[in-house]
Every structure is written in C-alpha cells, then in structure tokens.
Amino acid sequence: MPNTTRLISIVDDDHSVRRALRRLVEFAGFTAETFASAEDFLSSASLGRTACLVLDIHLNGGMSGFELQARLTADRVVIPIIFITAHDDVLTRERIEKSGAAAYLLKPFNDELLLHAIRGAVNGTANYG
C-alpha cells in the first residue's frame with residue numbers, strides 16, 4: 001500500500017511545530033493532517049482514517065495527550081500513537097512506556113527518528129526513542 005493512503009494525524013498546540021511536522025511527513029510520502037487540540041482531532045473526519053497519531057503530551061487548554069489516548073481507548077479506537085514532548089521526566093517516561101504507545105520522542109528530535117517511528121507505527125512495530 002502506498003504511503004499516500006496512510007494518514008498521519010499530528011496534534012500539537014504549537015503552530016510552527018504542526019507546520020514543520022506536516023511538511024516533513026508529507027515530504028516522506030505520507031498524507032498528513034494537523035490539529036491544534038485533542039478536541040479538534042476527536043471531532044474531525046480524520047479520526048477514522050488515521051494510521052498513526054503524532055501526539056504532544058502537554059497541550060494548552062482542553063485535554064492532554066494522555067487524556068486523548070485514554071478517550072480513544074475507552075471508545076475502542078485503535079491508532080498507534082507516537083508521543084512527543086519537550087518535558088522529560090521519569091514519571092512521564094514511565095507513563096508512556098506503560099501506555100502501549102508506539103514511540104516516545106523528546107523535542108527537539110531528529111527528523112529521521114520521527115520518520116522511523118512513523119514507519120514502525122504504521123507497520124506495527126514499536127520504537128521508543
């Protein structure tokens with residue numbers, strides 16, 4: 001299946017991060033959609049088409065990345081999640097590892113590391129970064 005049929009959804013409250021990640025993901029041959037909040041993603045038509053979710057943990061206002069993951073789990077929506085964050089601490093790392101996320105990347109991260117994690121997520125392999 002070509003990458004263009006695999007939608008990568010990106011949820012981050014920082015516009016410049018969303019723009020940069022969208023460009024990177026599209027340059028790699030995937031289709032990308034971006035969202036400023038978890039609520040925007042949940043109410044979008046992209047929810048059912050998403051092959052991988054790149055999700056910031058700390059979102060301003062509204063629900064957090066962890067809360068979005070819990071909502072998806074409760075709704076029985078199975079989407080591989082790559083958590084991204086600028087806040088690295090032991091508790092966050094432990095929570096991510098227990099969450100079943102496909103990967104965890106600390107901002108700023110290498111573009112190739114993210115693309116490797118996305119490819120692994122859409123192909124069913126976890127890549128903790």
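Let us look at the structure shown here. Bear in mind that the values here come from a model prediction, so they are computed numbers and not experimental data.

### Focus on the overall build of the protein
No. 1: Looking only at helices and strands, the protein features five helices and five strands.
No. 2: When the helices and strands of the protein are placed in sequence order, the string is β-α-β-α-β-α-β-α-β-α.
No. 3: Against the globule reference of 14 Å for 129 residues, the protein gives a C-alpha radius of gyration of 13 Å, in line with a compact fold.
No. 4: For the protein, the spread of C-alpha atoms along the principal axes amounts to about 35 × 30 × 30 Å.
No. 5: Of the contacts made within the protein by residues no fewer than 6 positions apart, 62% connect residues no fewer than 24 positions apart.
No. 6: If you average the places of the 13 positive and of the 16 negative side-chain charges in the protein, the two averages end up 5 Å apart.

### Structural notes on the nonpolar core
No. 1: Core analysis: the biggest nonpolar cluster contains 22 residues, and Ile 8, Val 54, Ile 82, Leu 114 and Ile 118 have the highest contact counts within it.
No. 2: By residue number, the principal contributor to this core is helix α5 (residues 111-122), which donates six residues.
No. 3: In this structure, Leu 114 is in contact with Leu 21, Leu 24, Val 54, Ile 82, Leu 105 and Phe 109, ignoring residues within four places of it in sequence.
No. 4: Of all hydrophobic cores here, the second largest spans 20 residues; its members include Phe 41, Ile 57, Ile 79 and Ile 81.

### Quick word on the environment of Phe 27
No. 1: Checked against the element boundaries, Phe 27 lands in helix α1 (residues 15-27).
No. 2: Residues Phe 27 and Ala 117, spaced 90 residues apart in sequence, show a C-alpha to C-alpha distance of 15 Å.

### Here we look at the packing of aromatic side chains
A ring pair, where both rings are aromatic, is described by two values, the distance of the centres and the angle of the planes.
No. 1: Overall, the coordinates contain two aromatic pairs when judged by the stated rule.
No. 2: Judged by centre distance (5.4 Å) and plane angle (70 degrees), the rings of Phe 35 and Phe 41 are edge-to-face.
No. 3: On the basis of relative accessible area, Phe 35 is assigned to the buried category, the value being 9%.
No. 4: Taking the relative accessible area as the measure of exposure, Phe 41 reaches 0% and is therefore buried.
No. 5: For Arg 95, the ring lying beneath its charged end belongs to Phe 66, and the centroid distance is 4.0 Å.

### Here's the deal with the sheet that holds strand β3 (residues 50-56)
One key point about sheets: their strands pair by backbone hydrogen bonds, in either a parallel or an antiparallel sense.
No. 1: If you trace the five strands from one edge of the open sheet to the other, you get β2-β1-β3-β4-β5, paired in parallel fashion. Strand pairing shows two members of the sheet lacking a second neighbour, β2 (31-35) and β5 (103-106), which therefore form its edges. This sheet shows a mean twist of 20 degrees between the axes of neighbouring strands, independent of strand direction.

What counts, and at which threshold
- Residues numbered from 1 in each chain as written.
- Predicted model: local features only at pLDDT ≥ 70, side-chain atom pairs only at ≥ 80, totals over all residues.
- Heavy atoms only, no water.
- Helix = DSSP H or I, 4+ residues; strand = E, 2+ residues; numbered from the N terminus.
- Rg over C-alpha atoms; globule rule 2.2 N^0.38 Å.
- Contact = heavy atoms within 4.5 Å.
- Lys, Arg positive; Asp, Glu negative; His and termini not counted.
- Charge placed at Lys NZ, Arg CZ, Asp CG, Glu CD.
- Core = buried A, V, L, I, M, F, W, Y, C linked by side-chain atoms within 4.5 Å.
- Buried < 20%, exposed > 50% of the residue type's maximum accessible area, 1.4 Å probe, protein only.
- Phe/Tyr/Trp six-rings, centres within 6.5 Å; stacked < 30°, edge-to-face > 60°.
- Lys NZ or Arg CZ within 6 Å of the ring centre and 35° of its normal.
- Pairing = 2+ DSSP bridges.
- Axes fitted to C-alpha atoms, helices over the stretch in contact; angles between N-to-C directions.

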